[in-house]
Structure formats: C-alpha cells, structure tokens
Amino acid sequence: MDTLSYKTKSANAATVDKKWVVVDAQSAVLGRFASEVARILRGKHKPYYTPHVDCGDNVIVINADKVRLTGRKMDEKVYVRHTGYPGGQRISTPRILKDKSASILVEKAVRGMLPKNRLGRQLYRNLFVYNGPEHPHAAQQPKEVKL
C-alpha cells in the first residue's frame, strides 16, 4: 500500500486559487452578514482550507449603507476606543458611525470576526466595502454570491 495516498495536502501562497466575489448587504442583519463575509475571507468554504494560510477570496461588499441591526442596538450598542491619553476613552454608537460612513459598521463587524494576528491583518486587506451599489473592481470580474 502506498503511504503517500494518505498524505494531507496543505495549501500555500503558490497553490491558493484566490477569486473575487461581490456580496450585497441590502437589508442583511449585520452580525449574520459579517460572519459569512469573514468565512469567505478566511477561506473556510474551500476544500483545501489551511488555518495558517491566506486561502480566502477577495470580498467586495456593496450597499453597506442598507445593512440593519435588530432590536434597539442602533442606539444602545456601544463601541469603545481609547486615544491613549489620560481620560481619552471615547464611546460611539452604530447610529453615530453610520452617519459618518455606513461602511465603518460592516468593516468593524467583519474585522472583529477575523484572527487577531498577522494573518488577520492580511485577510482584512482583502475586504472592500462600498456604501452604494457601484464598485470600481469590474476589471477583476467578480462573481455575485448570495448569502
């Protein structure tokens, strides 16, 4: 019996097949939508998924301004950050962030679902979020994915 037939194949940067996908956030619930986007970014939907390799696809999110939150989260959920100075704690709500730019909500939600290391920062660079239905990535011929 050939022992090589049982060898596990590991993906690496040379063997990974990265594609471009477009995902529509129209009337999607933020957390559920972000977890699916993070799954695609990570590459967990592919048969050759390898945990330590960037084997996910490049994801283009359109209509990020039409994403929704359930319940009273739009006013009651808080995002806390710190400037680094004494007394520099800053608090904002999803409504405040959406007024600045609705894409920030989707970016923060997806980023929180990626690994907190070098690989997570590299995966985050494969995410492109746009508020409207248009995007400048037509040259990559992205495929539409329904979530």
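Residues numbered from 1 in each chain as written. Predicted model: local features only at pLDDT ≥ 70, side-chain atom pairs only at ≥ 80, totals over all residues. Heavy atoms only, no water.

Caption draft 1: Geometry of helix α4 (residues 103–111). Buried residues of α4: S103, L105, V106, A109 and V110, and no others. For α4, the arc enclosing every buried residue in end-on projection is 160°, short of the 170-degree limit, so these residues lie on one face. (Buried < 20%, exposed > 50% of the residue type's maximum accessible area, 1.4 Å probe, protein only. Helix = DSSP H or I, 4+ residues; strand = E, 2+ residues; numbered from the N terminus. Arc of directions from axis to C-beta.)

Caption draft 2: Here's a closer look at the pattern of salt bridges. Evaluated as defined, the whole model comprises seven salt bridges. Between E36 and R39 there is a salt bridge; the shortest N-O distance is 3.3 Å. Of this pair, E36 and R39 both sit in helix α1 (residues 30–42), separated by three residues, roughly a single helical turn. Take E36: its relative accessible area is 29%, and that puts it in the partly exposed class. Residue class for R39 comes out partly exposed when judged on its relative accessible area of 35%. Close ionic contact of D57 with K46 constitutes a salt bridge, the shortest N to O distance being 2.6 Å. Of this pair, D57 sits in the loop between α1 and β2 (58–62) while K46 sits in the loop between α1 and β2, and the two are 11 residues apart along the sequence. (Salt bridge = Lys/Arg side-chain N within 4 Å of Asp/Glu carboxyl O.)

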